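A closer look at the structure
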Amino acid sequence: MIRVGINGYGTIGKRVADAVRDQPDMDVVGVAKTSPNYEAEQAVERGYDLYAAIEDRSHKFAEAGIETAGLVDDLVAQSDVVVDATPSGVGAQNRALYEEYDTPAIYQGGEDADVADVSFNARSNYDDAVGAEHVRVVSCNTTGLSRLLAPLREAYGVEKVRATLVRRGGDPSQPSRGPINDALPDPISIPSHHGPDVNTIFPDLDIDTLGLKVPTTLMHMHAINVTLAAEPDAAEVRELLGEQSRITVVDEHLGIEGTGQLKEWALDRGRPRGDLWENCLWGESVTTEGSDFYCFQAIHQESDVVPENVDAIRAVTDSADAAESVATTNDSLGI
Ligand code: NAD
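Residues numbered from 1 in each chain as written. Predicted model: local features only at pLDDT ≥ 70, side-chain atom pairs only at ≥ 80, totals over all residues. Heavy atoms only, no water.

Focus: the site of the ligand
Taken together, 20 residues lie around the ligand, and Thr-11, Ile-12, Lys-33, Arg-168 and Asp-171 are the ones closest in. At 3.3 Å from an oxygen atom of the ligand is found a main-chain nitrogen or oxygen belonging to Tyr-9. Between Gly-10 and the ligand, the recorded distance is 3.5 Å, taken from a backbone N or O atom to an oxygen atom. Comparing atom positions with the cavity grids shows the ligand to sit within the largest pocket. Built from parts of two domains, the shell around the ligand gets at least three residues from each of domain 1 (2–138 + 305–333) and domain 2 (140–299). (Near = heavy atom within 4 Å. Polar contact = N/O pair within 3.5 Å; in protein donor to acceptor, adjacent residues only side chain to side chain. 1 Å grid on protein atoms, 1.4 Å probe; cavity = no way out; pocket = protein on both sides within 12 Å on 5 of 7 lines; lining within 4 Å. Sits in = over half its atoms within 2 Å of the grid points. Domains from an automatic or database assignment.)

Looking at the sheet that holds strand E3 (residues 50–52)
What the eight strands build is an open sheet, ordered E4-E3-E2-E1-E5-E6-E8-E7; its pairing is parallel. Looking at strand neighbours, the two that pair on one side only are strand E4 (70–71) and strand E7 (118–120), the edges of this open sheet. Set on the sheet, helix H11 (residues 306–316) makes contact with strand E1 (2–7), strand E2 (26–33), strand E5 (81–84), strand E6 (105–107), E7 and strand E8 (134–137); between it and E8 the angle comes to about 160 degrees. (Pairing = 2+ DSSP bridges. Helix = DSSP H or I, 4+ residues; strand = E, 2+ residues; numbered from the N terminus. Contact = heavy atoms within 4.5 Å. Axes fitted to C-alpha atoms, helices over the stretch in contact; angles between N-to-C directions.)

Comments concerning the environment of Pro-151
Tracing the chain through its elements places Pro-151 in helix H7 (residues 140–156). Each C-alpha atom, one on Pro-151 and one on Thr-217, is 29 Å from the other, the two residues being 66 residues apart in sequence. In this view, Pro-151 contacts Arg-123, Leu-240, Leu-241 and Gln-244; residues no more than four positions away in its chain are not counted.

A few points about the packing of aromatic side chains
Tallied over the entire structure, the rule returns three aromatic pairs. Residues Tyr-9 and Tyr-48 carry aromatic rings whose centres are separated by 6.2 Å and whose planes lie at 70 degrees to one another, so their mutual orientation is edge-to-face. Here the residue Tyr-9 occupies a position in the loop between E1 and helix H1 (11–21), and Tyr-48 occupies one in the loop between helix H2 (38–45) and E3, the gap between them amounting to 39 residues. In terms of burial, Tyr-9 and Tyr-48 fall into one category: buried. (Phe/Tyr/Trp six-rings, centres within 6.5 Å; stacked < 30°, edge-to-face > 60°. Buried < 20%, exposed > 50% of the residue type's maximum accessible area, 1.4 Å probe, protein only.)

Topic: the layout of surface pockets
Empty space among the atoms becomes visible once a probe the size of a water molecule is rolled across them. For the largest pocket, the calculated volume is near 1,300 Å³. Lining the largest pocket are 50 residues, and of these Ile-12, Thr-86, Pro-87, Ser-88 and Gly-110 sit closest to its centre. The biggest single contributor to the lining of the largest pocket is helix H5 (residues 90–100), with four residues. Of the residues in the lining of the largest pocket, the class split is 15 nonpolar, 23 polar and 12 charged. (Points joined across faces, edges and corners; volume = space filled by probe spheres on them. Nonpolar A, V, L, I, M, F, W, Y, C, P; charged D, E, K, R; others polar.)

Some points on the nonpolar core
Nonpolar side chains in soluble globular proteins tend to end up buried together. Ranked by size, the top nonpolar core spans 43 residues in total, and within it Val-4, Val-31, Ile-106, Phe-120, Val-135 and Ile-313 carry the most contacts. Among the elements that make up this core, the one with the highest residue count is H11 (six residues). Both domain 1 (2–138 + 305–333) and domain 2 (140–299) contribute no fewer than three residues apiece to this core. Residue contacts for Val-135: discarding those within four places in its chain leaves Ala-105, Ile-106, Tyr-107, Ala-116, Val-118, Phe-120, Ala-129, Ala-312 and Val-316. Counting residues in hydrophobic clusters, the runner-up holds 27 residues, among them Leu-145, Leu-148, Leu-152 and Ile-201. (Core = buried A, V, L, I, M, F, W, Y, C linked by side-chain atoms within 4.5 Å.)

A few points about the UniProt feature "domain: Glyceraldehyde 3-phosphate dehydrogenase NAD(P) binding" (unreviewed entry) in the protein
Taken from the UniProt record, the annotation "domain: Glyceraldehyde 3-phosphate dehydrogenase NAD(P) binding" (unreviewed entry) applies to residues 2–140. Counting secondary structure, residues 2–140 comes out at 34% helix and 24% strand; the distance between its end C-alpha atoms is 25 Å. (UniProt positions renumbered as here; feature names shortened; annotations may be inferred.)

Remarks on the domain arrangement of the protein
Looking at the protein, the domain boundaries give domain 1 (2–138 + 305–333) and domain 2 (140–299). For domain 1 versus domain 2, the separation of C-alpha centres amounts to 26 Å. Listed by partner, the interface residues are 25 residues for domain 1 and 20 residues for domain 2. Regarding the contact of domain 1 and domain 2, the summed buried area is about 1,800 Å², with carbon and sulfur atoms giving 45% of it. It is Arg-15, Arg-123 and Val-138 that lose the most area in domain 1 upon contact with domain 2, and together they represent 31% of the buried surface on that side. A salt bridge links Asp-311 to Arg-246; the nearest nitrogen and oxygen atoms lie 2.7 Å apart. One can count 12 residue pairs in polar contact (both at pLDDT 80 or more) joining domain 1 with domain 2. Elements represented by at least two residues in the side of domain 1 that touches domain 2 include exactly H1, E7, helix H6 (122–125), H11 and helix H12 (322–333). Split into classes, the residues belonging to the side of domain 1 that touches domain 2 amount to 10 nonpolar, seven polar and eight charged. (Buried area = accessible area lost by both parts, 1.4 Å probe. Salt bridge = Lys/Arg side-chain N within 4 Å of Asp/Glu carboxyl O.)

A short note on the environment of Tyr-156
Within the secondary structure layout, Tyr-156 lies in helix H7. Using a relative accessible area of 12% as the deciding quantity, one classes Tyr-156 as buried. Counting along the chain gives 135 residues from Tyr-156 to Ser-291, while the straight-line C-alpha distance between them is 9.5 Å. With residues up to four places along the chain from it excluded, the contact list for Tyr-156 reads Leu-228, Ala-229, Ala-230, Pro-232, Glu-236, Val-237 and Leu-240. A distance of 3.0 Å separates a polar atom in the side chain of Tyr-156 from a polar atom in the side chain of Glu-236.

Written as structure tokens, this is what we have:
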């Protein structure tokens, strides 16, 4: 069994912890948090050993009546792998801690790419992370773009990608994010940083991205144009995308018009926290004009990176190849 510690138990960390617990070949050693808030209470409720991430603040857990199993150092020392799901920039500060205990670490997309030796997407470059000590699972948007582009590159070749990312203003649990009544080019400069992030997965890819932020919390929406090196018809491309295990091609008969109904669908299916781990790509939007491919896809920012973190754990421990890992992760989560 691979012993996994999770440092940072927020939006991503709590989902990764539950996903790791569901794996047949992994155990959760525990989770580390800075403060005894509702998520800390729930970590204990779910049976995870809770570690204090900051020594000076560890007394606050006892004051709140929440028992801890030790400090984050103890968690790192006991773990075969640590998943760092702390806020952007904190992961880079934590790298020295993981090095001190010689514990391989997996970071999140909010970190700069140079925090790790490899940026990771299971569908695209699993093998690059095999045996690596420090791996970064790319951001929610980059994960969604990589999953779409990998099969298009393999089947047809890709000459140029143009993607407009309509991003949710904040996660549902973030009270201070916005906008609440605007549509903001973000960043105003073009291209946005997302294209270069996709280049950490596909260095030779020609991609330009534009970013906006809008007053929603549910999901991101991508409007995509890919110039292919071939001229396939739309039905063929749709079939190819439908074969990808982490792309759900949303069929017309479902009557799903937007992200609200996608989330409702996830809740109706009993998905934990209403999570949508797969890209949700509207089948009806799959269009080709000569060598140009177009589509809309929605990305659930809170959960699409979760199966990727699970696969990254198997890659760094060299315990399965890409196909085995993806199959095991998908089976255990219900993807
Ligand atoms: P979050 O704020 O929801 O959770 C972060 C958690 O880390 C909180 O529980 C916080 O208390 C804890 N924390 C803060 N400082 C810490 C420290 N020094 N040590 C240990 N824990 C600490 O953040 P999140 O949304 O889960 O984001 C985590 C990472 O995942 C970031 O790099 C982010 O960019 C990336 N990411 C986020 C999303 C998203 O949409 N939320 C999607 C993909 C990737």
